[in-house]
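In case you want the letters, here they are:
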Amino acid sequence: MEERVLGRTGASVGVVGFGAWQIGADWSEVSEDDAEAALEAAAGAGVTFYDTADVYGDGRSERIVGAFRKRRPGVFVATKMGRRAEQVHANYSEPHFLSWNDDSRSRLDMTPLDLVQLHCPPTSVYGDDEVFAVLDAMVADGRIAHYGVSVETCEEALAAIARPGVATVQIILNPFRQKPLERVLPAAADAGVGVIARVPLASGLLSGKYTAETEFAPDDHRNYNRQGEAFDVGETFAGVDYATGLAAVERLRPLVPAGMTMAQFALRWILDQPGVTVVIPGARNAEQARANAAAAAFPPLGEDLHAEVRAVYDDLIRPQVHHRW
């Protein structure tokens with residue numbers, strides 16, 4: 001698999017990674033056996049970057065990824081912290097950081113942690129020098145090797161990129177969320193900051209497998225968070241109204257080259273964007289993990305295809321999402 005340098009970490013990682021939210025919680029039940037099989041299949045297909053968080057399944061994802069890393073010690077593991085407390089600026093504090101870090105190191109069974117990302121903190125946190133001084137001290141103390149920020153908005157991403165110690169920025173990027181192409185990706189490239197593209201399939205919409213009749217389980221965020229009831233609505237279907245997303249998928253479907261799935265088409269579209277380091281689709285089984293990894297083997301999409309994807313975005317998606325994030 002093609003590798004790219006993960007920003008200021010200096011590490012080279014495969015361009016298709018593995019997003020481990022799905023094996024933690026909020027995506028219907030994924031058995032531990034299926035989770036382990038998905039991780040092993042991804043590694044077998046060349047995936048070297050694995051992204052998790054301390055709140056995914058209340059630590060379940062970190063524990064599973066930690067056990068996997070024992071079997072595959074060469075992989076790069078990124079985790080996140082910040083969502084175990086009420087989302088107010090004051091909770092992004094040294095005592096919380098140290099406690100959360102202790103727990104993550106225990107579950108992942110590794111010190112230092114390869115990369116710790118603030119998990120979509122309140123916007124005011126980005127301007128707090130003390131927060132980043134604490135993170136610098138955690139690096140100096142050997143708790144973490146590098147730190148980054150997972151963001152909700154492009155403005156937050158730009159604020160994070162301006163911080164000299166931030167190694168990576170994680171942001172939603174897919175054919176339904178194109179605003180980061182304008183300023184975030186160029187700024188990250190200029191600063192040498194890695195870009196981790198999350199929600200690449202718009203919560204599965206861009207797999208092309210859903211219809212108006214598709215039902216999601218009660219414990220699936222695609223059921224309970226459609227209006228942002230539990231967390232930022234941009235994390236569910238990339239913030240796009242479900243019916244509009246389905247209509248956009250039908251516009252995209254004829255563009256998919258022969259031999260590619262729609263999901264692979266969406267992943268390849270992301271990898272074609274200058275400044276992207278790694279994309280992190282989730283997988284609930286080995287088959288999905290292998291199919292995701294295979295997207296890296298396809299050649300870049302042509303300019304004409306990119307223009308047509310942009311036209312679908314401009315016609316259907318832009319009015320809903322472009323001004324929001």
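Reading the values: rules and limits
Residues numbered from 1 in each chain as written. Predicted model: local features only at pLDDT ≥ 70, side-chain atom pairs only at ≥ 80, totals over all residues. Heavy atoms only, no water. Helix = DSSP H or I, 4+ residues; strand = E, 2+ residues; numbered from the N terminus. Rg over C-alpha atoms; globule rule 2.2 N^0.38 Å. Buried < 20%, exposed > 50% of the residue type's maximum accessible area, 1.4 Å probe, protein only. Phe/Tyr/Trp six-rings, centres within 6.5 Å; stacked < 30°, edge-to-face > 60°. Core = buried A, V, L, I, M, F, W, Y, C linked by side-chain atoms within 4.5 Å. Contact = heavy atoms within 4.5 Å. Pairing = 2+ DSSP bridges. Right-handed = clockwise from strand over helix to strand, strands pointing away. Disulfide = S-S within 2.5 Å. Axes fitted to C-alpha atoms, helices over the stretch in contact; angles between N-to-C directions.

Draft legend 1. Expanded view of the overall build of the protein chain. For the protein chain, the helix and strand inventory stands at eleven helices and ten strands. Its C-alpha atoms give the protein chain a radius of gyration of 18 Å, near enough to 20 Å, the size a compact globule of 325 residues would have. Expressed along its principal axes, the backbone C-alpha trace of the protein chain runs to roughly 55 × 40 × 40 Å. Across the 325 residues in the protein chain, those meeting the buried criterion constitute 58%.

Draft legend 2. Representation of the packing of aromatic side chains in the model. A complete count under the given rule lists 14 aromatic pairs for this structure. On the basis of an interplanar angle of 20° and a centroid distance of 5.8 Å, the ring pair of Trp 21 and Tyr 56 is categorised as stacked. Placement of Trp 21 in the loop between β3 (18-19) and α1 (32-44) and of Tyr 56 in the loop between β4 (49-51) and α2 (60-71) is noted, with a sequence separation of 35 residues between them. The pair formed by Trp 21 and Tyr 56 is uniform in burial state, with each residue classed as buried.

Draft legend 3. Spotlight on the nonpolar core. Phe 18, Ile 23, Tyr 50, Phe 97, Leu 118, Leu 135 and Phe 176 are the most contacted members of the largest nonpolar core, which totals 98 residues. It is helix α9 (residues 262-271) that provides the largest number of residues to this core, a total of eight residues. Ignoring any residue separated from it by four or fewer positions in sequence, one finds Phe 176 in contact with Ala 202, Leu 205, Leu 206, Val 240, Gly 245, Ala 248, Val 249, Leu 252, Tyr 313, Ile 317 and Val 321. The next biggest cluster of nonpolar side chains, apart from the first, holds nine residues, and it includes Phe 49, Phe 76, Ala 78 and Val 278.

Draft legend 4. Molecular detail of the pairing of strand β7 (residues 147-150). Of the two faces of β7, the one lined by Tyr 147 and Val 149 and the one lined by Gly 148 and Ser 150 are each fully buried. Examined bridge by bridge, strand β6 (residues 115-119) and β7 share four bridges and lie parallel to one another. Bridge pairing in β7 places Leu 118 opposite Val 149. Chirality of the crossover, the property in question, places the unit of β6, helix α4 (residues 129-140) and β7 among those that are right-handed.

Draft legend 5. Up close: the state of the cysteines. All told, the structure shown has zero disulfides when counted by the stated rule. Among the cysteines around Cys 120, which has no disulfide bond, Cys 154 carries the closest sulfur, lying 13 Å off. Relative accessible area serves as the criterion here: at 6%, Cys 154 is assigned to the buried category.

Draft legend 6. Structural context of the sheet that holds β6. The strand order β3-β4-β5-β6-β7-β8-β9-β10 describes an open sheet built from eight strands, whose pairing is parallel. Because the sheet does not close on itself, it has two edges, and the strands there are β3 and β10 (278-279). Across the sheet, helix α5 (residues 154-161) lies against β7 and β8 (166-172), angled at about 170° from β8, the strand it touches most.

Everything listed here is a matter of coordinates, which is why it stays silent on function.
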